Amino acid sequence: MSANSLAYSEQSGAEAAVELGQETTPTSSAGGAAFGLFSTDFKKNEDLKEMLESTKESLKLEAMKRVVGLIARGKNASELFPAVVKNVASKNIELKKLVYVYLVRYAEEQQDLALLSISTFQRALKDPNQLIRASALRVLSSIRVPIIVPIMMLAIKEAATDLSPYVRKTAAHAIQKLYSLDPDQKEHLVEVIEKLLKDKSTLVAGSVVMAFEEVCPERIDLIHKNYRKLCNLLMDVEEWGQVVIINMLTRYARTQFVSPWRQDGVFEENSEKAFYDSDEEKKEGAAQTKPYVMDPDHRLLLRNTKPLLQSRNTAVVMSVAQLYWHLAPKHEVSVVTKSLVRLLRSHREVQYVVLQNIATMSIQRKGMFEPFMKSFYVRSTDATHIKTLKLEILTNLANEANISTILREFQTYVKSQDKAFAAATIQAIGRCATNISEITDACLNGLVLLLSNRDETVVAESVVVIKKLLQTQPSQHSDIIKHMAKLRVPVPMARASILWLIGEYCEHVPRIAPDVLRKMAKTFTSEEDIVKLQTVNLAAKLYLTNSKQTKLLTQYILNLGKYDQNYDIRDRTRFIRQLIVPNEKSGALSKYARRILLAPKPAPVLQSAFKDRDRFQLGTLSHTLNSKATGYLELSDWPDVAPDQSVRNVEVVEAVRINTRSDCYYRRDEDHSEEKRLCSHSYLVFCSRSDEGQKNGRLEKSGSGSGSASASSEESSSAESSSESGSDSDSGTDQKRNTKPKPIKKVRDVIHVVHCFCLSRLFPVQVSSPVFVPVRPHELLHRMTGKGLAAQYHFPRQPCIYGDHMVSVQLTFNNHGDHALEDIHISEKTSTGQSIHCFRPIGESGSAAVLGRTCSKTERFSVSIQPAVGELLLPVTMTEQDFSREQGKLVGMNESSATITMAPETVSSQPVSKKVVSVANVGVVPSGQDNVHRFAAKLVSSGTLVLVCVVQKDSSAQLTVNTERTVVGSMLLRELQTALSSAP
Amino acid sequence: MIHSLFLVNATGDIFLEKHWKSVVSRSVCDYFFEAQERATEPENIPPVIPTPHHYLISVLRHRIYFVAVIQSEVPPLFVIEFLHRVVDTFQDYFGVCTEAAIKDNVVVVYELLEEMLDNGFPLATESNILKELIKPPTILRTVVNTITGSTNVGEQLPTGQLSVVPWRRTGVKYTNNEAYFDVVEEIDAIIDKSGSTITAEIQGVIDACVKLTGMPDLTLSFMNPRLLDDVSFHPCVRFKRWEAERILSFIPPDGNFRLLSYHVSSQNLVAIPVYVKHNITFREGSSQGRFDLTLGPKQTMGKAVESVLVSSQLPRGVLNTSLNPSQGTYTFDPVTKLLSWDVGKINPQKLPSLKGTMSLQAGASKPDENPTINIQFKIQQLAISGLKVNRLDMYGEKYKPFKGIKYMTKAGKFQVRT
């Protein structure tokens, strides 16, 4: 019984195959072959059911493999459904997978039976293993049975909150499946999408954006909050997800940002400078001269997509290219050129699509591809459509400068054995000739030479192109017309073109024209229709201009035309006769016959076939087909006024850190710097250790850890243009932004920065804690200069926690403006002649100023920290004896002293030490004498001892400083001198 | 996105179909066959064909058409790139990607396609994840499987998909740890009649075969990284490191992979390692044509030019040829008019030449274009751009790997117009 039913089903399958074979006419023989092949299968397949129901795993597996083989060949195996579905809970993984394949294929046809398997999946959805949960959801959602929609909905909702990102990814896929099964669920699905869009995992991002595009592309508002996150994650998303996200963000950006193209004129002027130089200067200038400032989020998108041009995936490269084309300021678009040209090395199909896009781009922006002109030279091995596209691009690129090179190249192509291509080349020459007037004559002559070519299509195409060219300037070329009149071209289109030319310019060739008409009258009956029409046309025109010679001929031709088989020709003949031959019935029109027939005709505009393709978004299917494909989403025009930017602001988010940790491969090497930044929320730490000074210093200063010379310049430009600093993939900055509470208007937020300068070598002397002195802040940046941002610094005299060779500097920033200021950082060291490299000498000599730059939202300021020499010290304790002994060693050159007159108030000891300590970070050495004050310290950088001794004598005092570092000594002396002599 | 996939062989049989959403009748391929009939050459079939309800995007590789059915707007390159990735995977699994190989391994093919797409959206395309899920068939495994009834499907679950480095599986172990890098450069050039270069550029790739235990972190640096004008990376390469220091830093996939492809900046003059002296003439009215070709080395930096193969598509009017090669063998196919001459190695003392006559169709007019000559060659141990790898370091693992670098220069699309 079972065998029978099986046999029956196979039979029907076979019939279906035969029918198919007949449907597909070109493969009818193939269909027959399939039948033959199938009939052998038919016998073998009888046992399949038995095998599936056997108890042996290997038999079942064998059977399933054959069943899958049947499915693969498009054979019907649906009768086996009950037998197969029993194995859905099998322990054998391969068997299970094959059953899944079968189930997904036939569930739609066997809905009732498919329900049997559902409970298995429902159980698996609760499995502790994330991969099993994911695969269960995957298969469950692939079963297209409307009854289980509620179950699927439930499963998706549950999976969307799963802890495993892989399961959440699967949920995102399932959303699309459910939507295509039951569009009524949209509302609920959008909720799930909204939830998943917030996901921070790179695994989920691509899939959920895909679901978004499929289910609710119009809900652009869902993207706002996730925009920055998506931009920052982009680098780490898998390549297919990147394509989808980039395309979605392109659409998003077109609705949210204002056009960067409006003031292009201004850009052009300084484009040379602005192009490769740091953008910041240009930005500053731009901000002053015109209102347009690129939205930082807009810049973020451009910056974060740029590295993806280096992807190995051609689809990713293309999508970045189209993003730049549609979103970037005009002068930045050319960064994509190189990468697009690189894609031309790829497979033929890739070339085809890329060339099409380049063709569209090259119409508007010749300059972009001109340097790569040679990459578009045609090779004889290219496929015809590739050749034509290359030709198209070369034509678009032609200008006065390169036309001779291009024409030389075209000459080779004209001789190609591929005649379709040769014909296309002739058209291309025609286009070049009309576009560039200098070469029109040369081209015409060249084309005339081609008229003697042996190939018909070449000649025909030449004639047609010559006709178009002559129309632009007929008077000078009567000899060419004469030459053409003599030609005997067999191709109808070409003959028709010649006749039209002669008719149009019969006044230039008054002798030849009637003769041509005579010849045509002779062969009229055997000509093609289009030639006949043009003959009638020529006759009419000659009748009007030269009726004496051609009256009879015209009559003859009109008579022939009257009885022609083709009604077009009969109609035309009747019309012409009424128009030109005067008789009593002829109406008002005949008066105007001359003006109708011999009206000056505008020269045709030869333009690219890709002219109108730019209405479609580049890289899309619609662009390739040049017609709107199903589901194509229009790219909206830029809004005139940018919508509220603040919608993209994100509130403090907690879990960022864990996530970026776990899935940011590309950022791993930057972790160490990130860590430091994370551990202190309000403290940004800049350290530079003297041993590896340069490298580290650069890392921290550039604010993103990955730094290098090139990177840091990029970053500094980014910093002032956007609120998120941080280079391309840096999540650290992202976190910084997130963890910092968002400043509200007028709120003063204070950020401290501890700046540690590098110094070196430990000193054996006991270091004491500093004497407390009131904080003496120094102005770093005035709020007027800083446009609302004020900065102060002071030396807290705390031992630096980042190394005992450093001096702490505390920076205090105050926001006096009414804008939120974000990401204030020191961008780079550009001290006068001193780079970070020279840091150590600064510490040692204590004589130099450290210059830094502070950047604020759109501004950067040069500031300088002047380390007072007294702050480069660390207080030490020692006994009086030790002090005298050390002082005894440091005499002569190492001693500098001065006598000062002291203000009377300072005579008592207390103020003296207070004053000294306030100027220099020194430790008080207990002293036996009242009038002698001793202070000891060491240089933080080198550990060199510095001893200060003040001996009071009435109103004057002897001040002595002993140290090996004479420069430090004299400077310290000078500072103490001023401090002590002044009133408190 | 991708609705269905049909595999069509050269004779127009659909020998495999796979649907990721609901089933699309295979009659949709009729539109493809129509386009196939219209095209004169197989290469001329447009890659994107619109039909009333679907769009067909196809790629042709190894004489098999991979026809994907699309229902709505999708970037065409997305589909094309994916289809090529499918072919690469098949090649990786079966060694060759032929109709026979696919038919023999139809179950593995089906399992692969099932894993690669979910609902038409690419899921797992990294070959190393796939290999973890589905073991590639080997002769030994086939034998073992038939005896023991075990399977090709890995017992593991796709843990690779969860990893930060999805291209590398965990727990890789080798007794011999080795890392080989092949720097292969191809010269694309068009040489004109007189022997002057019209356009020439160098494209290069670094293919790697890395068999290292554990999770090694490699850095590769060049002596002259400035040569590289435009690069594209395997996803494993850390882009920032390259931007900053021009060093390739990466955790390599296991096995063979393409680390980098690059383009050498066009400012550098390209050395053309071979020259061709040719004299191909057809006389008007005569049924004979002369064919005379001599090859010689130039600018080869002292290396031998090997595996030279000359091919040329002769004009349609040529009936047959009678040529005499000074070395190697030549063949002429009178149907396709393809002349190919396997030269072998060029000996600078005795330059290889191919001389003789061509017989033309009597009465036919002389062809108006001379044939283009395509040349293939190889030069071992030379990267023509001068690119040199400086050093390769490994971090993260204790053992000392064996490292090797090989250079090679090949002809890419190297054409001589005559």
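Here the structure is a predicted model, which is why all the values come from computation and not from measurement.

**Points about the overall build of chain B**
Part 1 of the reasoning: Along the backbone of chain B there are 7 helices and 23 strands.
Part 2 of the reasoning: Among the 418 residues that make up chain B, the fraction classed as buried is 58%.
Part 3 of the reasoning: Contacts in chain B between residues far apart in sequence, at least 24 positions, make up 68% of those at least 6 positions apart.
Part 4 of the reasoning: A total accessible area of about 17,000 Å² is found for chain B, and carbon and sulfur atoms account for 50% of it.

**What about the overall build of chain A?**
Part 1 of the reasoning: Helices and strands together make up the secondary structure of chain A, namely 44 helices and 14 strands.
Part 2 of the reasoning: Here chain A, with 984 residues, has 58% of them falling under the buried criterion.
Part 3 of the reasoning: The contacts of chain A with a sequence gap of at least 6 include a subset with a gap of at least 24, amounting to 67%.
Part 4 of the reasoning: Total accessible area on chain A is roughly 41,700 Å²; 53% of this is exposed by carbon and sulfur atoms.

**Some remarks on helix H4 (residues 106-116) of chain B**
Part 1 of the reasoning: A large share of H4 of chain B lies buried, amounting to 11 of its 11 residues.
Part 2 of the reasoning: When H4 of chain B is considered as a whole, its buried residues turn out to be Val106, Val107, Val108, Val109, Tyr110, Glu111, Leu112, Leu113, Glu114, Glu115 and Met116 of chain B.

**A closer look at the pattern of salt bridges**
Part 1 of the reasoning: With the rule as written, the count across this model stands at 47 salt bridges over all chains.
Part 2 of the reasoning: With a closest N to O distance of 2.9 Å, Arg518 of chain A and Asp515 of chain A form a salt bridge. Pair noted here: Arg518 of chain A and Asp515 of chain A are both in helix H30 (residues 512-523), with a separation of 3 residues, about one helical turn.
Part 3 of the reasoning: Note on Arg518 of chain A: relative accessible area 37%, which makes it partly exposed.
Part 4 of the reasoning: On the basis of relative accessible area, Asp515 of chain A is assigned to the partly exposed category, the value being 36%.
Part 5 of the reasoning: In this structure, the salt-bridge partner of Glu114 of chain B is Lys18 of chain B, at a minimum N-O distance of 2.6 Å. You can see Glu114 of chain B sitting in helix H4 and its partner Lys18 of chain B sitting in strand E2 (residues 14-19), a full 96 residues away along the chain.
Part 6 of the reasoning: You can call Glu114 of chain B buried: its relative accessible area is 19%.
Part 7 of the reasoning: Within this structure, Lys97, Arg138 and Lys177 of chain A together with Glu115 and Asp118 of chain B form a network of salt bridges that share partners.

**Side note on the nonpolar core**
Part 1 of the reasoning: Core analysis: the biggest nonpolar cluster contains 334 residues, and Leu259 and Phe414 of chain B have the highest contact counts within it.
Part 2 of the reasoning: A total of 11 residues in this core trace back to one element, the largest contributor, which is helix H2 (residues 76-94) of chain B.
Part 3 of the reasoning: Phe414 of chain B has contacts with Ile187, Ala189, Ile191, Ile272, Val274, Ile373, Asn374, Ile375 and Phe377 of chain B, leaving out every residue within four places of it along the chain.
Part 4 of the reasoning: Ranked by size, the runner-up nonpolar core spans 38 residues in total, among them Ile865, Ile900, Val948 and Ala957 of chain A.

**A word on the sheet that holds strand E10 (residues 217-222) of chain B**
Residues and elements named next belong to chain B.
Part 1 of the reasoning: Sheet architecture is open: 3 strands sit in the order E12-E10-E22, paired in antiparallel fashion. In this open sheet, the two strands that pair with only one neighbour each are strand E12 (247-250) and strand E22 (389-395). Neighbouring strand axes in the sheet, compared pairwise and without regard to direction, differ in orientation by 15° on average.
Part 2 of the reasoning: When E10 meets E12, the two strands line up antiparallel, connected through 4 bridges. Within E12, the residue paired with Thr219 across the bridge is Ser249.

**Concerning the side chain of His173 of chain A**
Part 1 of the reasoning: Along the chain, the position of His173 of chain A falls in helix H10 (residues 165-181).
Part 2 of the reasoning: If we skip the residues at most four places from it in the chain, His173 of chain A touches Ser207 of chain A together with Asp118, Asn119, Phe121 and Leu123 of chain B.

**Re unusual backbone geometry**
Excluding glycine, a negative phi dihedral is what most residues carry, and trans is how most peptide bonds are arranged.
Residues and elements named next belong to chain B.
Part 1 of the reasoning: Although it is not a glycine, Arg246 sits at a positive phi angle of roughly 60°.
Part 2 of the reasoning: Residue position: Arg246 is located in the loop between helix H7 (239-245) and E12.
Part 3 of the reasoning: Phi at Gln381 is positive, roughly 55°, even though this residue is not glycine.
Part 4 of the reasoning: Along the chain, Gln381 turns up in the loop between strand E21 (373-380) and E22.

**Describing the environment of Asp47 of chain A**
Residue and element names in this part refer to chain A.
Part 1 of the reasoning: Along the chain, the position of Asp47 falls in the loop between helix H2 (28-44) and helix H3 (48-53).
Part 2 of the reasoning: Classification of Asp47 as partly exposed rests on a relative accessible area of 30%.
Part 3 of the reasoning: Remark: the alpha-carbon pair of Asp47 and Ala63, spanning 16 residues in sequence, is separated by 8.5 Å.

**Quick look at the pairing of strand E16 (residues 305-313) of chain B**
Residues and elements named next belong to chain B.
Part 1 of the reasoning: In this structure, E16 lies alongside E21, joined through 6 bridges in antiparallel fashion. Residue pairing for E21: Val305 is matched across the bridge by Ile379.
Part 2 of the reasoning: Of the strand pairs in this sheet, E16 and strand E19 (residues 338-344) are connected by 6 bridges, and their pairing is antiparallel. Counterpart to Ser311 in the pairing with E19 is Ser340.

**Digging into the confidence of the model for chain B**
Part 1 of the reasoning: In this model, chain B carries an average pLDDT of 85, and 91% of its residues clear a pLDDT of 70 or more.
Part 2 of the reasoning: Overall fold confidence for the complex sits at a pTM of 0.69, while the interface term, ipTM, reaches 0.90.

**Topic: the pairing of strand E15 (residues 288-297) of chain B**
All names here are of chain B.
Part 1 of the reasoning: With 7 of 10 residues buried, E15 lies mostly within the body of the structure.
Part 2 of the reasoning: Relative to strand E20 (residues 353-360), E15 is paired through 7 bridges, and the arrangement is antiparallel. Bridging across to E20, Arg290 finds its partner in Thr357.

**Considerations on the side chain of Asn402 of chain A**
Part 1 of the reasoning: Mapped onto the elements, Asn402 of chain A comes out in the loop between helix H23 (384-397) and helix H24 (403-414).
Part 2 of the reasoning: Every residue in contact with Asn402 of chain A, bar those within four places of it in the chain, is listed here: Glu370, Met373 and Leu397 of chain A.

**Observations concerning the environment of Asn370 of chain B**
Part 1 of the reasoning: Along the chain, Asn370 of chain B falls in the loop between E20 and E21.
Part 2 of the reasoning: With 56 residues separating them in the primary sequence, Asn370 of chain B and Leu314 of chain B have C-alpha atoms 7.8 Å apart.

**A word on the interface of chain A and chain B**
Part 1 of the reasoning: Counting from both sides, the interface comprises 114 residues of chain A and, opposite them, 112 residues of chain B.
Part 2 of the reasoning: Here chain A packs against chain B, burying approximately 9,600 Å² in sum over the two surfaces, 56% of which is carbon and sulfur.
Part 3 of the reasoning: Across the salt bridge formed by Arg345 of chain A and Glu186 of chain B, the nearest N and O atoms sit 2.8 Å from each other.
Part 4 of the reasoning: The tally of links between chain A and chain B comes to 36 residue pairs in polar contact (both at pLDDT 80 or more).
Part 5 of the reasoning: By residue number, the principal contributor to the side of chain A that touches chain B is helix H21 (residues 348-364) of chain A, which donates 7 residues.
Part 6 of the reasoning: Residues of the side of chain A that touches chain B, tallied by class, amount to 38 nonpolar, 43 polar and 33 charged.

What counts, and where the lines are drawn
- Residues numbered from 1 in each chain as written.
- Chains lettered and ligands numbered in written order.
- Predicted model: local features only at pLDDT ≥ 70, side-chain atom pairs only at ≥ 80, totals over all residues.
- Heavy atoms only, no water.
- Helix = DSSP H or I, 4+ residues; strand = E, 2+ residues; numbered from the N terminus.
- Buried < 20%, exposed > 50% of the residue type's maximum accessible area, 1.4 Å probe, protein only.
- Contact = heavy atoms within 4.5 Å.
- Areas by Shrake-Rupley, 256 points an atom, 1.4 Å probe, with all protein chains shown as cover.
- Salt bridge = Lys/Arg side-chain N within 4 Å of Asp/Glu carboxyl O.
- Core = buried A, V, L, I, M, F, W, Y, C linked by side-chain atoms within 4.5 Å.
- Pairing = 2+ DSSP bridges.
- Axes fitted to C-alpha atoms, helices over the stretch in contact; angles between N-to-C directions.
- pLDDT = per-residue confidence, 0-100.
- Buried area = accessible area lost by both parts, 1.4 Å probe.
- Polar contact = N/O pair within 3.5 Å; in protein donor to acceptor, adjacent residues only side chain to side chain.
- Nonpolar A, V, L, I, M, F, W, Y, C, P; charged D, E, K, R; others polar.

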